Amino acid sequence: QVQLVEAGGGLVQPGGSLRLSCAASGINFNIRTMGWYRQTPGNQRELVAGITSGGNTNYADSVKGRFTISRDNANNTLYLQMNRLKPEDTAVYYCNAKVGAWYQSYWGQGTQVTVSS
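The model shown is predicted, which means the values in this text are computed figures rather than measured ones. (Residues numbered from 1 in each chain as written. Predicted model: local features only at pLDDT ≥ 70, side-chain atom pairs only at ≥ 80, totals over all residues. Heavy atoms only, no water.)

Participant: Tell me about the pattern of salt bridges, and please be specific about residues and values.
Facilitator: For the coordinates displayed, the defined rule picks out 4 salt bridges. Across the pair Glu46 and Arg38 runs a salt bridge whose closest N-O atoms are separated by 2.8 Å. Overall, Glu46 belongs to the partly exposed group, its relative accessible area being 38%. Under the relative-accessibility criterion, Arg38 is labelled buried at 7%. For Arg38, the salt bridge identified is with Asp89, shortest N-O distance 3.0 Å. Separated by 51 residues along the polypeptide, Arg38 in strand E4 (residues 31-39) and Asp89 in the loop between strand E8 (77-82) and strand E9 (91-99) bring together distant segments of the chain. Residue Arg38 shares its accessibility class with Asp89, and that shared class is buried. Within this structure, Arg38, Glu46, Arg66 and Asp89 form a network of salt bridges that share partners. (Salt bridge = Lys/Arg side-chain N within 4 Å of Asp/Glu carboxyl O. Buried < 20%, exposed > 50% of the residue type's maximum accessible area, 1.4 Å probe, protein only. Helix = DSSP H or I, 4+ residues; strand = E, 2+ residues; numbered from the N terminus.)

This is how it looks when you write it as structure tokens:
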């Protein structure tokens, strides 16, 4: 059974930092790409950052220069270092993995990030 388990969310003041992690288990095929998405009430889930198995990354314009995505392929773990957080970064953050030849998509349960003073 495939599981993606996020951790590291919480409440932080504007300008602060958080590090999210996502541990993947039960995956028997190659993980192609992994990514972090976020969603706020009434809005669609949006891509925050993605990373390929080869380490190529892409970021939403709103987080470029502030967030860094990385992955530990040996341990199937994904990270998101978030610096200089803003109130508009408040959302539920989801981990995603695309696996195998057909890029089958899996999601974590989400972790709440709240940026507020």
